[in-house]
Amino acid sequence: MSIGYLFKGDLGSGVVVIGAPDLESTYETPLCAIESPYGAPKGLTGKARAARFRRNIFYARLLVNRVIHEGHAWLASHLQYTQPRVLDDDDPGDRELGIRLGLAANERADYSLFGTDLGWSTGMRYGLAHAREHGRPTYRINLFSPDLDLEDATYEELVELAKDYGLITNQRDPRPGW
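Each value, and the rule that gives it
- Here the residue numbers are simple positions, counted from 1 along each chain's written sequence.
- Where local features are concerned, this predicted model is filtered to residues with pLDDT of at least 70; where side-chain atom pairs are given and counted, the filter is 80 or more; whole-chain, interface and lining totals use all residues.
- Values reported for side chains reflect all heavy atoms of the structure, with hydrogen atoms and water molecules removed beforehand.
- Here a helix means four or more residues in a row that DSSP labels H or I, a strand means two or more in a row labelled E, and each is numbered from the N terminus.
- In this analysis, the expected span of each helix is defined as 1.5 Å times one less than the number of residues it contains.
- The cut-offs for exposure are 20% and 50% of the maximum accessible area for each residue type, with area from a 1.4 Å probe on protein chains only; residues under the lower value are buried, those over the upper are exposed, and the others partly exposed.
- It is the directions from the helix axis to the C-beta atoms whose arc is reported.
- A contact between two residues is defined here by any heavy atoms of the two lying within 4.5 Å.
- Salt bridges are defined by distance alone: a side-chain nitrogen of Lys or Arg within 4 Å of a carboxyl oxygen of Asp or Glu.
- Between N or O atoms, a polar contact is any pair within 3.5 Å; within protein, one atom must be a potential hydrogen donor and the other a potential acceptor, and residues adjacent in sequence are included only when both atoms are from side chains.
- Put simply, buried Ala, Val, Leu, Ile, Met, Phe, Trp, Tyr and Cys residues joined by side-chain atoms within 4.5 Å make one nonpolar core.
- Axes here mean lines fitted to C-alpha atoms, for a helix over just the part in contact, with angles spanning 0 to 180 degrees between N-to-C directions.
- When an angle is under 35 degrees it counts as roughly parallel; over 145 it counts as roughly antiparallel; between 65 and 115 it counts as roughly perpendicular; any other value is oblique.
- Each crossing is labelled by how the near helix is turned from the far one, with a counterclockwise turn of less than a right angle marking it left-handed and a clockwise turn marking it right-handed.
- Note on residue categories: nonpolar means Ala, Val, Leu, Ile, Met, Phe, Trp, Tyr, Cys or Pro, charged means Asp, Glu, Lys or Arg, and polar means any other residue, Gly included.
- Side-chain rings of Phe, Tyr and Trp, where Trp is taken by its six-membered ring, are said to pair if the distance between their centres is within 6.5 Å; with planes under 30 degrees apart they count as stacked, over 60 as edge-to-face, and otherwise as tilted.

*Asks:* Please clarify how helix H4 (residues 122–133) should be interpreted in this entry.
*Replies:* Because the α-helix completes a turn every 3.6 residues, residues three or four places apart line up on one side. When the terminal C-alpha atoms of H4 are compared, their 17 Å separation across twelve residues agrees well with the 16 Å that a helix rising 1.5 Å per residue should span. Along H4, the residues that are buried comprise Met124, Gly127, Leu128, His130 and Ala131. The buried residues of H4 occupy one face: seen down the axis, they fall within an arc of 165°. Seen from the open side of H4, the exposed residues pointing more than 90 degrees away from its buried face are Arg125 and Glu133. On its buried face, H4 sits against strand E3 (31–35), helix H3 (92–106), strand E5 (111–115) and strand E6 (138–142). Phi for glycine 135, located one or two positions after H4, is positive at around 70°.

Laid out in structure tokens, this is it:
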């Protein structure tokens, strides 16, 4: 199984590499720091805001699934630190703490993977700068065709696309909580 449309090198205009990164790892299993959009734009409120979070979490979980099926371990601080009763992304202090802790954890990763189907978030840009600062290899992945503009796609549209691409194999809505 290849890891989607993977771009190695300059994240602005990389060379297409089909397959998982060939890495030297400190451990037997490479550790991947996953970066993808998490929050919602400031202008979104209420149900629209909640729907954007749901979509972004679903997309991040698709990335986690792909990394796991390549046999790599993963970190995704935007999924881990924002669990209920851990940190609140809407609280500026919690958000800053989560970003700082996530970047510290990412220092242990063998590489950083940026899921860009939904665009680039501020947090992803922090992750990119941090990876470059620490000399960690960076890769850009599109789970879907890079020609698709999905920045404003809804959760439901993303689910249907994931089914079309074989990323959800049971042809029903993903497990509850996705």
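*Asks:* I would appreciate a short explanation of the pattern of salt bridges in the present structure.
*Replies:* Taken as a whole and assessed by the stated rule, the structure comprises four salt bridges. Notably, a salt bridge pairs arginine 49 with aspartate 90, separated by 2.1 Å at the nearest N-O pair. Separated by 41 residues along the polypeptide, arginine 49 in helix H1 (residues 46–69) and aspartate 90 in the loop between helix H2 (77–80) and H3 bring together distant segments of the chain. Between aspartate 152 and arginine 52 there is a salt bridge whose closest N-O contact spans 3.9 Å. On the criterion of sequence distance, the pair formed by aspartate 152 in the loop between E6 and helix H5 (155–164) and arginine 52 in helix H1 is long-range, its members being 100 residues apart.

*Asks:* Looking at this structure, how should I read the side chain of arginine 55?
*Replies:* Structurally, arginine 55 is set in helix H1. In terms of polar contacts, arginine 55 uses its side chain to reach the side chain of asparagine 56, at 2.8 Å. In terms of polar contacts, arginine 55 uses its side chain to reach the backbone carbonyl oxygen of alanine 153, at 3.0 Å. If we skip the residues at most four places from it in the chain, arginine 55 touches Leu118, Leu150, Glu151, Asp152, Ala153, Thr154, Tyr155 and Leu158.

*Asks:* I'm lost on the nonpolar core in this one. Help?
*Replies:* General note: in soluble globular proteins, nonpolar side chains tend to be found buried as a group. In terms of nonpolar packing, the biggest core is built from 27 residues, with Phe58, Leu143 and Phe144 touching the most fellow members. Those elements that provide at least two residues to this core are E3, H1, E5, E6 and H5. When residues of this core are assigned to their parent elements, the largest contribution, seven residues, is made by H1. If sequence neighbours within four positions are ignored, leucine 143 has contacts with Tyr59, Leu62, Leu63, Arg66, Asp117, Tyr165 and Leu167.

*Asks:* Just to check I follow, could you spell out the packing of H1 against H5 for this structure?
*Replies:* A pair of packed helices is captured by two measures, namely the crossing angle of their axes and the spacing between those axes. Where H1 meets H5, the closest approach of the two axes is 9 Å, and the angle between their N-to-C directions is 25°. Of the possible angle classes, the one that applies to H1 and H5 is roughly parallel. With respect to the hand of their crossing, H1 and H5 are arranged in left-handed fashion. Side by side, H1 and H5 meet where Arg54, Arg55, Phe58, Tyr59 and Leu62 of the first sit next to Tyr155, Glu156, Leu158, Val159 and Ala162 of the second.

*Asks:* Please clarify how the packing of H3 against H4 should be interpreted in this entry.
*Replies:* Two elements in contact, H3 and H4, have axes whose closest approach is 11 Å; the angle formed by their N-to-C orientations is 30°. Two packed elements cross with a definite hand, and for H3 against H4 that hand is right-handed. Residues Arg95, Ile99 and Leu103 of H3 touch H4, and the partners they reach there are Gly123, Tyr126, Gly127 and His130. Classifying every residue of the contact of H3 with H4 gives three nonpolar, three polar and one charged.

*Asks:* Before we go on, may I ask you to explain the packing of aromatic side chains in this structure?
*Replies:* To describe a pair of aromatic rings, you give the distance between the ring centres and the angle between the ring planes. On inspection of all chains with the given rule, the structure shows five aromatic pairs. A ring pair is formed by tyrosine 38 and phenylalanine 53, whose centres lie 5.1 Å apart and whose planes are at 75°; its orientation type is edge-to-face. Taken as a pair, tyrosine 38 in the loop between E3 and H1 and phenylalanine 53 in helix H1 lie far apart in primary sequence, 15 residues in all. Between the aromatic rings of phenylalanine 144 and tyrosine 165, the centroid separation amounts to 5.2 Å while the plane-to-plane angle is 85°, which identifies the pairing as edge-to-face. Of the two residues, phenylalanine 144 sits in the loop between E6 and H5 while tyrosine 165 sits in the segment after H5, which places them 21 residues apart along the sequence. By relative accessible area, which is 0% here, phenylalanine 144 ends up buried. A relative accessible area of 33% places tyrosine 165 in the partly exposed class.

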